[in-house]
2 protein chains.
Amino acid sequence: MNDFCPQDPPAEFLAGFAGFVPLAAEMVPLAQSRGRVVAEPLASPEALPPFTRSLMDGYAVRAADTFGCSESAPALLTVTGEIVTGQGQALPLGPGQAIRIWTGGQLPQKADAVVMTEHARLVDRKTVAVMDPVAPTDNMVQAGEDYEPGALLFAAGHRLRAQDMGLLAGLGITTVPVFRQPKVAILSTGDELAPPDQTPPAGKIRNVNSISLTALVEEAGGLSLPHGICPDDFGRMLALCTEAINEADMLLVSGGSSLGRRDFTRQVLAAIPDSAILVPGVSIHPRKPAILARQGNKALFGLPGHAASALVGFVCFVRPLLRLYTGQGPTLGLPTVRAVTGQPIFSTVGRQEYIRVRLTSQADGLPPLATPVSGKPGLMGPLVQAHGLLPVSRDACGLDEGVEATVLLLP
Amino acid sequence: MNDFCPQDPPAEFLAGFAGFVPLAAEMVPLAQSRGRVVAEPLASPEALPPFTRSLMDGYAVRAADTFGCSESAPALLTVTGEIVTGQGQALPLGPGQAIRIWTGGQLPQKADAVVMTEHARLVDRKTVAVMDPVAPTDNMVQAGEDYEPGALLFAAGHRLRAQDMGLLAGLGITTVPVFRQPKVAILSTGDELAPPDQTPPAGKIRNVNSISLTALVEEAGGLSLPHGICPDDFGRMLALCTEAINEADMLLVSGGSSLGRRDFTRQVLAAIPDSAILVPGVSIHPRKPAILARQGNKALFGLPGHAASALVGFVCFVRPLLRLYTGQGPTLGLPTVRAVTGQPIFSTVGRQEYIRVRLTSQADGLPPLATPVSGKPGLMGPLVQAHGLLPVSRDACGLDEGVEATVLLLP
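Draft legend 1. Up close: unusual backbone geometry. Residues L48(A) and P49(A) are joined by a peptide bond in cis, for which omega reads -10 degrees. Within the fold, P49(A) resides in the loop between β2 (42-43) and β3 (53-54). The residue K110(B) is not glycine, and still its phi comes out positive at about 80 degrees. By the element assignment, K110(B) lies in the loop between β6 (97-101) and β7 (113-116). Residue classification places K110(B) among the exposed positions, given a relative accessible area of 60%. Positive phi is not limited to glycine here, since D274(B) has a value of about 65 degrees.

And the structure:
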């Protein structure tokens, strides 16, 4: 068993995140709140439901009037009226009486249960025969049974799903306080890069990271601000980075996977006004370290240039800070799946590794097989084939074939 | 062990889906393609990478010139030049020679490996000492090694993720053929409903389903067309439904959970011009059947009015058809997690049930506990507390406490 599956980013980054705080809150219309994160505890402003309602088509009754009845000895009740669904009515219900009601209808006062239509039979226009007894509260929902006024709906940090939005709609909460979406400036660096929509001149390749980092930022709930390609020129890069972080909460600089460039990116990030390097580089795999600097509460990341390294860096370092910015805490926050290694997995002691794996399903009831698809760091193929990352801890030298492990699913 | 976890919708609906076909394709800009589904097989238009590149900072060499070298007996090579990254150059590399190269640089002809900077030492301005031998192809990626021209990138039906978009960018594919997003008209019916932004008059409650169905449609990759609330009036409902489906691919009518209303919704759907009822109602739990009709390739769903039933209906019937519309096949397509039942789960033989469960984590290495949060169908609380649905098959009467089961995670 390998039960190592950290939801924490590597320790160096987690320590670096300590000084960052969540972004401000803003109000958004409920209809646009899917996937947004609640910024303060939300309490119910009123009772839900606001009045006692029927859950069935049937007859509102006093339950005691039906006790002991049966198919052969039905309880005969006098039908004294009908509740019109959607109207507040004050029909009185006396002992031995029943009032016709439909799903969603407001129960008359003194009624404490509903007999389903299926268990009742009209004997004549004024009399219903009840064949099956009901207990108090059967087939109805009492006012406030779902939420009492003041009840906690969601704690701060809760990410809103469809059903959560439905609850807020039901309570009339049509604007929601949520954390502002982090604005993330994205810059690719490298003299060898050309825009994807151009045929690259000899010696150049197309820029891959701007597109994929933009998509990753959006998946993580951020707003991306693409800044294109910057050549390996200190002055231009410093000017571009300084301008980019001005209007953003976070800057991602990809490139700098080579030795010289790495120092270069670090120097640029260090030269941005009021910046401080927090993490000068961390040894993980796929290799190529990432850099973290800060400018107040703004984060400056130097990510590797190779697509696989940039993606793993995003998932393991950047995404947790985006989560912190939106009040969710600096965890990876990725769904996981239990799998069995399909072949031995090799790893280096002293280095946290994230092995790209492809999952293939096995017979019913068996966990899927996780097979490494690692290749040379410059290749896109293994990355596109991967379903997830299998973390191997610093103190392990790998995993045998056929052992259980937890896989982080790629977003 | 309960290994029943269908990814198929209930058989009646699956049969009803047989006559529907995927929507047409459209071209979208690559940057807007996240989550969209590829509509035709995509092949590589060119080699990736387009030329042989270095993966490291170091020296381009003929590998044979380094065979047998070591720290104590380095191979001495003559440095004849430097590759400028991002420029197409035709520097010749003779035997016994080395050319300085940086990550991403284009390898000179006749070079078949790169010696990393860490394994080389400049002896003088013209001579480098190589301390560690390299094999051919070490520290480089050959032209076409990632993808050859014509290689399959993605089959039709593949949903694009960030890394997939990166690959397409790398190949210069900046517009992508994807299935058109299904347009889904959403209508809530019921005399008891008021809009969420109003204080409901006596006897009315706020409309919950329009908001949550809208969010579910968007999560599933569709475009929602909200049509508000329709009273229980045959003529108005027929007119509204007929108009709504005119401009949409699918219509969701929620409400009609009561006996009378269910027939009413069915009659309205049947009266829409050129429509045919495919599934008049299916017995699942949370109870309240759903209805499926068609008008050509357009689908008309009657969903229950209770929020929990509407959500389960959406996930089990509607979402699979949205997936079919976008070429992904009519499966539930939900992530699953293995869990252990935290208490006995009761179910009715002869009825497919989807038990709402809350997952709580246990000690490391143990699957999470799944505890039912089912409550009365009109309540929002259990739905908001639920993380997933635990399916129990028609032929089972429930599950014991402490057995393993697969849980479908709610979107």
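Next comes the rest of the write-up.
Draft legend 2. Representation of the confidence of the model for chain A. Summarising the model, chain A shows a mean pLDDT of 91, and 95% of its residues fall at 70 or more. In the model output, the complex is listed with pTM 0.92 alongside ipTM 0.92.

Draft legend 3. Summary view of the packing of aromatic side chains. Under the counting rule described, the total for this entry stands at 10 aromatic pairs over all chains. Pairing F13(B) with F301(B) gives two aromatic rings, centres 6.3 Å apart and planes at 15 degrees, and the pair type is stacked. Residue F13(B) is located in helix α1 (residues 11-16), and its partner F301(B) is located in strand β21 (residues 298-303); the two are separated by 288 residues in the primary sequence. For the residue pair F13(B) and F301(B), the accessibility class agrees, reading buried in each case. Taken together, the aromatic side chains of F13(A), F17(A), F301(A) and F317(A) make up a single cluster linked through ring pairs.

Draft legend 4. Structural detail: the relation of the copies chain B and chain A. Mapping chain B onto chain A calls for a rotation angle of 180 degrees and an axial translation of 0.0 Å; the resulting RMSD is 0.1 Å. Here the copies are linked by what is in effect a two-fold axis. Minimal C-alpha separation from the rotation axis in chain B is found for V337(B), amounting to 3.4 Å. Taken together, the interface assignments show that 100% of the residues at the interface of chain B recur at the interface of chain A, consistent with an identical surface on both copies.

Draft legend 5. Region of the structure containing the pairing of strand β26 (residues 388-392) of chain A. Residues and elements named next belong to chain A. Among the five residues of β26, five are classified as buried, and the element is accordingly described as predominantly covered. Burial of β26 is two-sided: the residues G388, L390 and V392 facing one way and the residues L389 and P391 facing the other way are all buried. As judged from the five bridges shared by strand β24 (residues 352-360) and β26, these two strands associate in the antiparallel manner. Bridge pairing links V357 to G388 in β26.

Draft legend 6. Structural context of the packing of helix α2 (residues 162-170) of chain A against helix α3 (residues 209-219) of chain B. Contact geometry for α2(A) and α3(B): axes closest at 7 Å, N-to-C directions at 160 degrees. On the basis of their axis angle, the class for α2(A) and α3(B) is roughly antiparallel. Judged by the twist between their axes, the crossing of α2(A) over α3(B) is right-handed. Counting all contacts with α2(A), which are made through A162(A), Q163(A), M165(A), G166(A) and A169(A), the residues of α3(B) involved are I211(B), S212(B), A215(B) and L216(B). In terms of residue class, the contact of α2(A) with α3(B) is built from six nonpolar, three polar and no charged.

Draft legend 7. A look at helix α6 (residues 307-325) of chain A. Residues and elements named next belong to chain A. Along α6, the sharpest change in direction is near 40 degrees and occurs at F314. With 19 of 19 residues buried, α6 lies mostly within the body of the structure. Just beyond α6, the residue with positive phi is G327, at close to 70 degrees.

Parameters at a glance
Residues numbered from 1 in each chain as written. Chains lettered and ligands numbered in written order. Predicted model: local features only at pLDDT ≥ 70, side-chain atom pairs only at ≥ 80, totals over all residues. Heavy atoms only, no water. Helix = DSSP H or I, 4+ residues; strand = E, 2+ residues; numbered from the N terminus. Buried < 20%, exposed > 50% of the residue type's maximum accessible area, 1.4 Å probe, protein only. pLDDT = per-residue confidence, 0-100. Phe/Tyr/Trp six-rings, centres within 6.5 Å; stacked < 30°, edge-to-face > 60°. Least-squares fit on C-alpha atoms with pLDDT ≥ 70 in both. Contact = heavy atoms within 4.5 Å. Pairing = 2+ DSSP bridges. Axes fitted to C-alpha atoms, helices over the stretch in contact; angles between N-to-C directions. Parallel < 35°, antiparallel > 145°, perpendicular 65-115°, else oblique. Left-handed = near helix turned anticlockwise from the far one by under 90°. Nonpolar A, V, L, I, M, F, W, Y, C, P; charged D, E, K, R; others polar. Bend = angle between axes of the 7 residues up to and from the residue.

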